[in-house]
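Read off the chains here:
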Amino acid sequence: MRLDEFPAKFPKLPGAMPIWHGTVDSTEFRNLCEQVQRGGGKLVALWGSDELARDAGYALHTSLVTAIGMLCLTLPVNAERPSFPDISDLFPAANRMQRAVADLLGLHASGNDDHRKWLRHGSWPGSVHPLRKNFDGGTVFPTETDAYRFVTVTGDGVHEIPVGPVHAGTIEPGHFRFSIIGERVLKLEQRLGYKHKGIEKLFESMTLEQGAKLAGRVSGDSTVAYAWAYAQAVESVAGTAPTPRAAALRAILLELERIHNHLGDLGYLGNDVALAFGFAQFWILKEDLLRMNHETFGHRYLMDRVVPGGVACDLDGKGRERILQVLRHLEKGVGILKDIYDEHAGAQDRFLTTGRVTPDLAAQLGLTGMAGRASGQAWDLRAQFPCEPYDKLDVRMATHINGDVAARVTVRFEEVQESIRLIRLILDRLPAGECLVPVADAPENAFGVGWVEGWRGEILIALHTGKDNAIHRLHPHDPSWQNWPVLEHSIIGNIVPDFPLINKSFNLSYTGVDL
Amino acid sequence: MYQIIKQILKTGIKTEAPPGPDDALRAEAQRLNKEILRHVGRALAIRHVDAGSCNGCELEIHALNNAYYNIEGLGIHFVASPRHADMLLVTGPVSRHMEIALKRTYDATPEPKLVVAVGDCGCTGGIFSPTNSLGDKGESYASCGKISNVIPVDVAVPGCPPAPIALLQGILTAISGGVKAGNPSE
Ligand code: SF4
């Protein structure tokens, strides 16, 4: 099948986003992946499901993006020989996703010789696959220490620095293995999975209504983006559409989330180059925003405000004024701080050329989201596939081609400014009406996708429904899956003390990929 | 430089008054005697351990360092190693993959030490704790549930995530004399 025949042959999923879904065989699966890759498209997510109860073995699913939108492929997998074609040669980011599918579901990528585990450490045996339906999530095994095979670098003067899982600062746990010579990094290898807490298994014990709260806690710093993606997926299977007012409020919440994360990271980026002033200043602005969130919407991080059917909050005239007032304050403050960062020789010296990911490398490895835009990867759902209300806002995408810490700082500054502009526009034309409509019952065996441009990049929720509004399978996908492996590349040739700075400039989620 | 100084002066002092301790947050009676508390109270070193959170609780721990809460102004600071710490501030649920690391971090912290469990997840396992055949311990194949299932906890601060003021209150409660029965410092 030619790629452009796909949308004609398979149904478009109901809902706000251009997403098509079809079931294909393994030759076609591989063939379509190749065409997407050749055409400059990318891989968003890859996950598996247990369909034995439906007499259909297992299934492997993947989401690919092309210029026209998203193609979701489902490949039935034989229960006797549970394997699927490897696509990590086309999309390197697929490697860890495939290994996670092997750990959790026991489906293997044939033709790939990286058989190392990924999400499994020493807490359950390799013969156990937690996402199989015959596995009871409450089973507890004795925890053993994990023997993971790192790639070793040898040679004169090469040595290793192991870091983590408990890090020196207030960050999430993960293990970094640096191979260095002098101060220079030859290789970084990551070992993640420490935060695996069985989120996907937990979803399968929930109804569509219950799942909303958990979706908002896959990665707390992106709670709005996840909750919105979850709502989109549920609304797609249920055939419910949010009101224009709800859509507008969702976008306000999402942009507020983008702003608070960028402000926090811009502060830490100052801190990491010994400009403690930057931390103090940006975190005052961030706190001012969080307090406004609390007063106006009832939660500092806006958790549980976006729900299937709409939003669980509203905005009155007073709230509107309060938002506008904080935006004025932020715009002014961020403007002053941008000038100071730009002119600060010490900071720029550390930012420029540090942790560089060239556009070529970024394209090859599939670097996505905010970090991708700083390396010339011009993808932003809000601009390319805008749903309501973005379709009327003409979102200006921030891009840069230098791919270094400085570029990621610049993109963040520009995105803060753009988000302020967008919120003002939305407030200007905020539609009247209901905020929440009842969600219809979802049919069994339906498939829905939510796809939202969070502050870090595109968040995907893939939902397979069961009986009586239950969740049969749910895969939440964080853009950090794509970007963690690129971070390994970005540090090569840099010095060890620059790692915290480079790491912060990406600020990837651990919980979002450990699940 | 001139711009920086100008901005600092214009910003002024933002720090607000800290909350008092709240004995309702105690999971255990105060174990430390007055002498020790008098010393740590002036220079408390905290090691944060994320044992499996959704990272929401971390956002509020970061906020403790901002100018409004100014935790360092109270003599409390975050340190890079458990060996330098008087207190572990632990978010969770404790994932099974972090169980050993959390125990080792606890063992590496010198006595006398305090543990503050953070957030609904740290207190009870929260949303990540399924009700299952294991009863109210909230365990699963991947999660050990609440922090006190793995290491002893002195003070537990609920909230999802708990606001910085609540965290500060929990930390201050842990280093205050307290009135719960059996308190050796009274
Ligand atoms: S208490 Fe809430 S914010 Fe904290 S880790 Fe749990 S879900 Fe996240």
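Residues numbered from 1 in each chain as written. Chains lettered and ligands numbered in written order. Predicted model: local features only at pLDDT ≥ 70, side-chain atom pairs only at ≥ 80, totals over all residues. Heavy atoms only, no water.

> How should the overall build of chain B be read in this particular structure?
Looking only at helices and strands, chain B has 6 helices and 5 strands in total. Listed N to C, the secondary structure of chain B is α-α-β-α-β-β-α-β-α-β-α in terms of helices and strands. Taking the principal axes of its C-alpha atoms as reference, chain B extends roughly 65 × 40 × 30 Å. Taking all contacts inside chain B whose residues are at least 6 apart in sequence as the whole, residues at least 24 apart take part in 82%. (Helix = DSSP H or I, 4+ residues; strand = E, 2+ residues; numbered from the N terminus. Contact = heavy atoms within 4.5 Å.)

> Would you take a moment to explain the state of the cysteines for this structure?
Here, disulfide denotes a covalent bond that connects the sulfur atoms of two cysteines. Evaluated as defined, the whole model comprises 0 disulfides over all chains. C387 of chain A takes part in no disulfide bond, and the closest cysteine sulfur to it belongs to C72 of chain A, at a distance of 16 Å. (Disulfide = S-S within 2.5 Å.)

> Looking at this model, I keep getting lost on the domain arrangement of chain A. Mind explaining?
How large an interface is tends to be reported as the accessible area lost when its parts come together. Residues and elements named next belong to chain A. Domains assigned within chain A are domain 1 (3–110), domain 2 (158–197 + 478–515) and domain 3 (241–437). Here domain 2 and domain 3 have C-alpha centroids that lie 24 Å from each other. For the pair domain 2 and domain 3, the summed buried surface comes to about 1,500 Å²; carbon and sulfur atoms form 65% of the total. Of all residues in domain 2, L501, K504 and S505 give up the largest surface area on contact with domain 3, accounting jointly for 37% of the area buried on that side. Our enumeration of links across domain 2 and domain 3 arrives at 2 salt bridges. In this assembly, domain 2 and domain 3 are joined by 6 residue pairs in polar contact (both at pLDDT 80 or more). Elements with a minimum of two residues in the side of domain 2 that touches domain 3: helix 15 (480–490) and helix 16 (499–506). Here the element with the most residues in the side of domain 2 that touches domain 3 is helix 16; it accounts for 6 residues. Its residues assigned to classes, the side of domain 2 that touches domain 3 shows 7 nonpolar, 7 polar and 2 charged. (Domains from an automatic or database assignment. Buried area = accessible area lost by both parts, 1.4 Å probe. Salt bridge = Lys/Arg side-chain N within 4 Å of Asp/Glu carboxyl O. Polar contact = N/O pair within 3.5 Å; in protein donor to acceptor, adjacent residues only side chain to side chain. Nonpolar A, V, L, I, M, F, W, Y, C, P; charged D, E, K, R; others polar.)

> Please explain the packing of aromatic side chains as it appears in this structure.
All names here are of chain A. What the rule picks out here adds up to 21 aromatic pairs over all chains. On the numbers, 6.3 Å between centres and 10° between planes, the contact of F135 with F141 is stacked. On the basis of an interplanar angle of 25° and a centroid distance of 5.4 Å, the ring pair of F279 and W283 is categorised as stacked. With a gap of 4 residues between them, F279 and W283 both fall in helix 8 (residues 276–297), about one helical turn apart. In terms of burial, F279 and W283 fall into one category: buried. An aromatic cluster is present here, built from F176, F178, W484, F499 and Y510 joined pairwise through their rings. (Phe/Tyr/Trp six-rings, centres within 6.5 Å; stacked < 30°, edge-to-face > 60°. Buried < 20%, exposed > 50% of the residue type's maximum accessible area, 1.4 Å probe, protein only.)

> What should I look at first to understand the site of the ligand in this one?
Close contacts around the ligand come from R217 of chain A together with S53, C54, G56, C57, G92, G119, D120, C121, G159, C160 and P161 of chain B, and that covers them all. Flanking the ligand are residues from chains A and B. Elements with a contribution of two residues or more to the shell around the ligand: helix 3 (56–63) and helix 5 (119–124) of chain B. At 3 residues, helix 5 of chain B tops the list of elements feeding residues into the shell around the ligand. Split by residue class, the shell around the ligand holds 5 nonpolar, 5 polar and 2 charged. (Near = heavy atom within 4 Å.)

> Whenever I open this one, the pairing of strand 4 (residues 114–118) of chain B confuses me. Can you help?
Where a strand is regular, its side chains alternate between the two sheet faces. Residues and elements named next belong to chain B. Burial of strand 4 is extensive: 5 of the 5 residues sit out of reach of the surface. Burial along strand 4 is two-sided: the residues L114, V116 and V118 and V115 and A117 are all buried. With 5 bridges joining them, strand 3 (residues 87–91) and strand 4 adopt parallel strand pairing. The partner of T91 across the bridge, within strand 4, is V118. With helix 4 (residues 96–108) bridging strand 3 and the parallel strand 4, this β-α-β connection has right-handed handedness. Across 3 bridges, strand 4 lies against strand 5 (residues 155–157) in parallel orientation. Bridge pairing links A117 to A156 in strand 5. (Pairing = 2+ DSSP bridges. Right-handed = clockwise from strand over helix to strand, strands pointing away.)

> Explain the nonpolar core to me, please; I cannot follow it from the model alone.
The nonpolar side chains of soluble globular proteins are, as a tendency, buried together. Core analysis: the largest hydrophobic core is formed by 173 residues, its most contacted members being F203, Y230, I252, F282 and F351 of chain A. By residue number, the principal contributor to this core is helix 7 (residues 244–272) of chain A, which donates 13 residues. (Core = buried A, V, L, I, M, F, W, Y, C linked by side-chain atoms within 4.5 Å.)

> Just checking my understanding: could you explain the packing of helix 7 of chain A against helix 9 (residues 317–343) of chain A for this structure?
Between two packed helices, what matters for the description is the angle formed by their axes and the separation of those axes. All names here are of chain A. Axis separation between helix 7 and helix 9 bottoms out at 13 Å; the angle between their running directions is 30°. Taken together, the axis directions place helix 7 and helix 9 in an arrangement best described as roughly parallel. Handedness of the crossing formed by helix 7 with helix 9: left-handed. On the side of helix 7, the interface is formed by I252, I259, L263, L266, G267 and G270, while helix 9 contributes I323, L327, L330, V334 and Y341. (Axes fitted to C-alpha atoms, helices over the stretch in contact; angles between N-to-C directions. Parallel < 35°, antiparallel > 145°, perpendicular 65-115°, else oblique. Left-handed = near helix turned anticlockwise from the far one by under 90°.)

> Is there a simple way to think about the environment of L330 of chain A in this case?
Residues and elements named next belong to chain A. Counting through the fold element by element, L330 comes out in helix 9. Look at L330 and you get buried, because its relative accessible area is 0%. Separated by 48 residues in sequence, L330 and F282 place their C-alpha atoms 9.4 Å apart. Excluding residues within four positions of it along the chain, L330 makes contact with I259, L263, L285, L289, G335 and I420.

> For this particular structure, what's the right way to read the sheet that holds strand 4 (residues 69–77) of chain A?
Pairing between sheet strands relies on hydrogen bonds along the backbone, with the strands arranged either parallel or antiparallel. Residues and elements named next belong to chain A. Taken in spatial order, the 4 strands of this open sheet run 1-4-3-2, and their pairing is mixed. Edge positions in the sheet fall to strand 1 (19–23) and strand 2 (42–50), since each has one partner strand and no second. Looking at each pair of strands side by side, their axes are set apart by 15° on average, direction ignored. Here strand 2 pairs with strand 3 (residues 58–66) via 8 bridges, running antiparallel. If you follow D50 over to strand 3, its bridge partner there is Y58. Set on the sheet, helix 3 (residues 94–105) makes contact with strand 2 and strand 3; between it and strand 2 the angle comes to about 5°.

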